[in-house]
Structure formats: C-alpha cells, structure tokens
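Here are the chains, one letter per residue:
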Amino acid sequence: MTNVAVVGTQWGDEGKGKVVDLYAEDADVIVRFQGGNNAGHTLVVKGVQTILHLIPSGILHDHKTCIIGNGVVVDPAVMKQEIENLEKRALFPEHTRLFVSEKAHLIMPYHRRLDVAREARKSDRKIGTTGRGIGLAYEDKVARVGIRFCDLLDETTFMEKLRDNIEEKNFYLTRRFEEAPLDAQQIFDEYRGYAEYLKPFVADTSLIIAQEMRRGKKILFEGAQGCHLDIDHGTYPYVTSSNTVAGNASCGSGVGPRAIDRVVGICKAYTTRVGEGPFVTELTDAVGEHMQTVGQEFGATTGRKRRCGWLDMVLVRQAVRVCGISGIAVTKLDVLTGLEKLKICVGYRTAAGEEYTESVPANLKALAGCQPVYQELDGWTEDIRHANQIDDLPKNTRKYIERLEILSDAPLMLVSVGAGRESTIVLKNPFGD
Ligand code: GDP
Ligand code: IMO
Ligand code: MG
C-alpha cells in the first residue's frame, strides 16, 4: 500500500490543509508529525470554512483515524477547544477516531509567556513568531526538561516536572523580563482539567500506525509550515523550531523512512511569507497588493497580513531536493488572473555576481543582498475558478504551470483554482500506481 507525505515548498500557507482534506478521501490514517498550533490549515467544504491548528486535516471525513504524532508540540487548551468546536458544529464524524501521542510534548503557559516576552525585547531582530510558545516548547524537549502527555496523565510526575520547570522559568520571567511569576498550583489545577478531558485520546500512536500499515491501510502524513521554515534547511534564524521537511514524517510519527512512498510538495502559484526574514521576490507594489487582497493573504493563525511576491523557483527547487518531492500540487492559480505579465524567479544573483539557481544561500547577509533573475510570461484574464480539467484552462495559464513543472523538475499532481474542495483539477492520484 502507498503512503504519502504532504509538505509545503515555501514559507507555509501554501494550501496544505485543502490538499490533505482532498487526499484524505483515499487515505485511512492522517498524521500530523511536527509543529503545533502555529499552523493554520484551512478547509472549505460545501462552502463552509474550517481552520485547524492541531487536528489533522482529514477530520472532516468519516471512518478515518486522525493522529497527532510524537513530533508535534501540543497546547492542550487548544486541542480541547478544537475538539469542542468541531463537535459543536457537528463536524466530528461519528466513526472517525482521534489520537495524540503519549510522547508528544506539551506547550505550557510559561512557553507562551516567554515566547511573547522574548519577541517584545528584540527590537530589530524579531522573528515574528506566532507567540504560541512553539520554540520554547521545542527548546525544553531538546533540553530534556519537557513535559509529555504521558507525564500529564501521571499526577505525581506532572507536579514534579512542573515545579522544576516553574522554578527556572519564573527566574527568567521575573529577572530577565521583569514580569510577574507563574503559580505552579494554578497551572497544575488547569492542566488536571485537560488531562481528564484528553485522556481518552492519548495513545501509543507509533504502534497504531504500524498496526494500520500491517492491515494494508494507507497513511497520509500532513506537514505543517514549509520547507524554508525548517530549523535546519530554512532561512535560519527566521524559521520555526521543528524540522518541516518530509524526512521528519518518519521521526515525528514513529515510522521507518521506508514507510513514506511518495512526497507531494504544495506550491502556491506565487510566494508568501508571514513574519520576518529575507524574501527575494517580495513585491511592495500594486502587484503585491493584488496578491494580498485577491488571495486574501491573512494569516490563518494570527490574522497578520502575509507578505507577497512572485513565484520563487529557487525555493521550490531546493524544497524538491531536500524533501525528496515526487510530485507538485499548485495552488491559488486563480489569484493570478488579471495580471498582465507574470514573473517567475529562476535564479538569485548575489552582490558579488554569483548565481544561485537551486539552492538558497545559507548566509543571511548574502541572501539579503540577492537580486531575483526573472523569466516573464504573459498573463490571462479569463475566470479559471470553474475549470475541471487542464484543457479548460486558457493557453497562458497552461504555459505558466508547464514552466513551473519544468523548473521544479517534479511532475504536476494537482492544480487548485479555488479554496473549495471541488475547485481542483486532479492530474495524478498520489495513492495510485
Ligand atoms: P496551509 O497552512 O498550507 O494549510 O494554508 P492556509 O490555510 O494557511 O492558507 C491557504 C489559504 O488559501 C486558505 O485561506 C485557503 O482556503 C485558500 N486556498 C487554498 N487553495 C486555494 C486556491 O486554489 N485558490 C484560492 N483562491 N484560495 C485557496
Ligand atoms: P502553516 O502550517 C506560515 C512562521 C511565523 C514566524 C516563524 C516562527 O499554516 O503553513 P513560530 O511561532 O513557529 O516560532 O514562528 O514561522 N510560521 C508560519 N508561517 N505558516 C505557518 O504554518 C507557520 N507556522 C509558523 O510566522 O515567521
Ligand atoms: Mg496556514
């Protein structure tokens, strides 16, 4: 049986949620493997929008198993609220099961407080985090002082770990940031409530996935963020704190690397970025404004305006290489309708005259000095939102995606022309032969 990973090829918000929801139809198990509620994945089904931050984007389908893997950092308050919201809207299907790994680390109130306090202190070197405590929770995980779901369910261990953490975190909060300290007992009481509520969902999810695979079930791994927000391969330090690349689908869910047969890279037809950091093809003119307004480019988590620019194939080519992408899904093509000329960035030229065509310079100063090298194509004015097949698309639209396919060196799997599940042209089924 084929298992598929879906990852972002840019800086997040490529439309992963929409594609995962669509592919989930053919999958049995859908697994989030990294990140946390910094993610905002939008699904539009029968005109109704749902934004998910933690729960896998397969949840709207019945008879599925949805898993939050060990690589995810989980704010239990957000997980509880997300479940309650879905239930309230009658969107949690009767036969679909949800599990969270007993090894997943918890986001604690001090992670959020310190995330916000740190960012507020940095004047010109802000990362522009989502303020959800993601980086701080991963720091604690690596420092071996993190608190996991299995600890939450054991009152004594939870209190011990909490007290140790609070002592150190309050030192930072009060002495470094001159903020009010946190109270361990208050957090303990609050988190007892989450433990009670979430206990039925906590499981050995690596084992569940293995059992499902043995039964011939198909697994869909759902990435969050994008390749260039990866802690190792992204535009460091303007990145998130987890590995967002496809390889982490293995570590972050507890399956071997051979379990991932195909990797679909989601590529927005232009580029966006939320938060700070270099952006070679960024546009601050009327074209950028067009992308921002027509594409409704506001963060699904923080509501911040997303920065917009031309499609950057240097980013995408690096993502194809680093993630082992076997197919590309192009999204938001409809947003480019009406632009007279379209540009695709095929290379960067540094101030010293060097050219980069398939890798992003690691040195941020070099990257900041890069100029884009563009190829120009003609735009189209026809409404493409109701296209069902490639032949329905205008000639210039087809030329644009053909160029994208050639430059990415990966076959085109899907073209998305609207936010709704139905506004999609599927060229190849990733679970098929
Ligand atoms: P994700 O984080 O990768 O899941 O992406 P987000 O949900 O944060 O952002 C993508 C946004 O674009 C959402 O508002 C989607 O509903 C919307 N969207 C997805 N695909 C398309 C498309 O093909 N056309 C248009 N116009 N909107 C789309
Ligand atoms: P999805 O899954 C876009 C960005 C933040 C910030 C940086 C670090 O919806 O594509 P963090 O809070 O993770 O420490 O912030 O990463 N960021 C995202 N940008 N989409 C996301 O997720 C993001 N998750 C984090 O804006 O620049
Ligand atoms: Mg998003």
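This text follows the structure it describes.
First things first, this report covers the structure right here in the doc. Note that the coordinates shown come from a computational prediction; the quantities given were computed from them, not determined experimentally.

Reading the values: rules and limits
- Residues numbered from 1 in each chain as written.
- Chains lettered and ligands numbered in written order.
- Predicted model: local features only at pLDDT ≥ 70, side-chain atom pairs only at ≥ 80, totals over all residues.
- Heavy atoms only, no water.
- Near = heavy atom within 4 Å.
- Polar contact = N/O pair within 3.5 Å; in protein donor to acceptor, adjacent residues only side chain to side chain.
- 1 Å grid on protein atoms, 1.4 Å probe; cavity = no way out; pocket = protein on both sides within 12 Å on 5 of 7 lines; lining within 4 Å.
- Sits in = over half its atoms within 2 Å of the grid points.
- Helix = DSSP H or I, 4+ residues; strand = E, 2+ residues; numbered from the N terminus.
- Nonpolar A, V, L, I, M, F, W, Y, C, P; charged D, E, K, R; others polar.
- Domains from an automatic or database assignment.
- Pairing = 2+ DSSP bridges.
- Donors = N, O, S within 2.8 Å, 3.2 Å for Na, K, Ca; no water.
- Salt bridge = Lys/Arg side-chain N within 4 Å of Asp/Glu carboxyl O.
- Buried < 20%, exposed > 50% of the residue type's maximum accessible area, 1.4 Å probe, protein only.
- Contact = heavy atoms within 4.5 Å.
- Areas by Shrake-Rupley, 256 points an atom, 1.4 Å probe, with all protein chains shown as cover.
- Points joined across faces, edges and corners; volume = space filled by probe spheres on them.

Re the site of ligand 1
Line of reasoning, step 1. Around ligand 1, the structure places 18 residues, and the nearest of them are Lys16, Gly17, Thr42, Asp334 and Ser416.
Line of reasoning, step 2. Backbone polar atom of Gly15 to an oxygen atom of ligand 1: 2.8 Å apart, as the coordinates give it.
Line of reasoning, step 3. Taking a 2 Å distance to the grid points as the criterion, the majority of the atoms of ligand 1 fall inside the second largest pocket.
Line of reasoning, step 4. Secondary-structure elements contributing two or more residues to the shell around ligand 1 are helix H1 (16–24) and strand E3 (41–45).
Line of reasoning, step 5. The biggest single contributor to the shell around ligand 1 is H1, with three residues.
Line of reasoning, step 6. The residue makeup of the shell around ligand 1, split by class, is four nonpolar, seven polar and seven charged.
Line of reasoning, step 7. Looking at the shell around ligand 1, you find at least three residues from each of domain 1 (4–101 + 202–263) and domain 3 (269–323 + 330–426).

Topic: the sheet that holds strand E20 (residues 424–426)
Line of reasoning, step 1. The strand order E9-E7-E5-E2-E10-E1-E11-E15-E19-E20 describes an open sheet built from 10 strands, whose pairing is mixed. In this open sheet, the two strands that pair with only one neighbour each are strand E9 (202–203) and E20.
Line of reasoning, step 2. Sheet topology note: the strand E7 (residues 97–101)/E9 ladder contains two bridges and is parallel. Note on E9: the bridge partner recorded for Ser101 is Ala203.

A short note on the coordination of the magnesium ion (ligand 3)
Line of reasoning, step 1. Looking at the magnesium ion (ligand 3), the protein donor atoms are Asp13 (OD) and Gly40 (O), and they sit 2.0 to 2.2 Å from it. In this pair, Asp13 sits in the loop between strand E1 (4–8) and H1 while Gly40 sits in the loop between strand E2 (29–32) and E3, placing the two residues 27 residues apart along the sequence.

Regarding the pattern of salt bridges
Line of reasoning, step 1. Inspection of every chain in the model, using the stated rule, returns 22 salt bridges.
Line of reasoning, step 2. Note that Glu139 and Arg118 form a salt bridge whose closest N and O atoms lie 2.8 Å from each other. Placement of Glu139 in helix H4 (residues 134–142) and of Arg118 in helix H3 (residues 109–121) is noted, with a sequence separation of 21 residues between them.
Line of reasoning, step 3. Lys268 serves as the salt-bridge partner of Glu297, at 3.0 Å between the closest nitrogen and oxygen. Separated by 29 residues along the polypeptide, Glu297 in the loop between helix H10 (286–294) and strand E13 (307–309) and Lys268 in strand E11 (residues 262–268) bring together distant segments of the chain.

What to know about the side chain of Thr337
Line of reasoning, step 1. If you trace the backbone, Thr337 turns up in the loop between strand E15 (327–331) and strand E16 (341–349).
Line of reasoning, step 2. A relative accessible area of 18% means that Thr337 is categorised as buried.
Line of reasoning, step 3. For Thr337, the side chain forms a polar contact with the side chain of Trp380, separated by 2.9 Å.
Line of reasoning, step 4. With near-sequence residues (within four places) excluded, Thr337 lies in contact with His290, Trp380, Thr381, Glu382 and Ile384.

Comments concerning H10
Line of reasoning, step 1. Of all the residues in H10, the buried ones are Gly288, His290, Met291 and Gln292.
Line of reasoning, step 2. On its buried side, H10 packs onto E13.
Line of reasoning, step 3. A distance of 3.2 Å separates the backbone nitrogen of Val287 from a side-chain oxygen at the start of H10, and that oxygen is part of Asp285.
Line of reasoning, step 4. A positive phi of about 45° marks Gln296, the residue just after H10.

Quick look at the site of ligand 2
Line of reasoning, step 1. As a matter of local geometry, ligand 2 sits amid 20 residues, with Lys16, His41, Thr130, Gln225 and Thr240 nearest to it.
Line of reasoning, step 2. Within the side chain of Arg304, a nitrogen or oxygen atom sits 2.9 Å from an oxygen atom of ligand 2.
Line of reasoning, step 3. In isolation ligand 2 has 550 Å² of accessible area, and contact with the protein removes 97% of it.
Line of reasoning, step 4. Considered class by class, the residues forming the shell around ligand 2 number seven nonpolar, 10 polar and three charged.

So, the layout of surface pockets
Line of reasoning, step 1. In this model, the largest pocket occupies a volume close to 1000 Å³.
Line of reasoning, step 2. Elements with a minimum of two residues in the lining of the largest pocket: H3, H4 and helix H9 (248–251).
Line of reasoning, step 3. Looking at the lining of the largest pocket, the element that brings in the most residues is H4, giving seven residues.
Line of reasoning, step 4. Partitioning the lining of the largest pocket into residue classes produces 16 nonpolar, 22 polar and 12 charged.
Line of reasoning, step 5. Its boundaries defined by the atoms lining it, the second largest pocket holds a volume of some 670 Å³.
Line of reasoning, step 6. In terms of lining residues, the second largest pocket is bounded by 27 residues, among which Thr42, Gly295, Gln296, Lys332 and Ala419 are the most central.
Line of reasoning, step 7. Going through the elements one at a time, H1, E3 and strand E4 (48–52) are the ones with two or more residues in the lining of the second largest pocket.
Line of reasoning, step 8. When the residues that make up the lining of the second largest pocket are grouped by side-chain class, the tally is seven nonpolar, 12 polar and eight charged.

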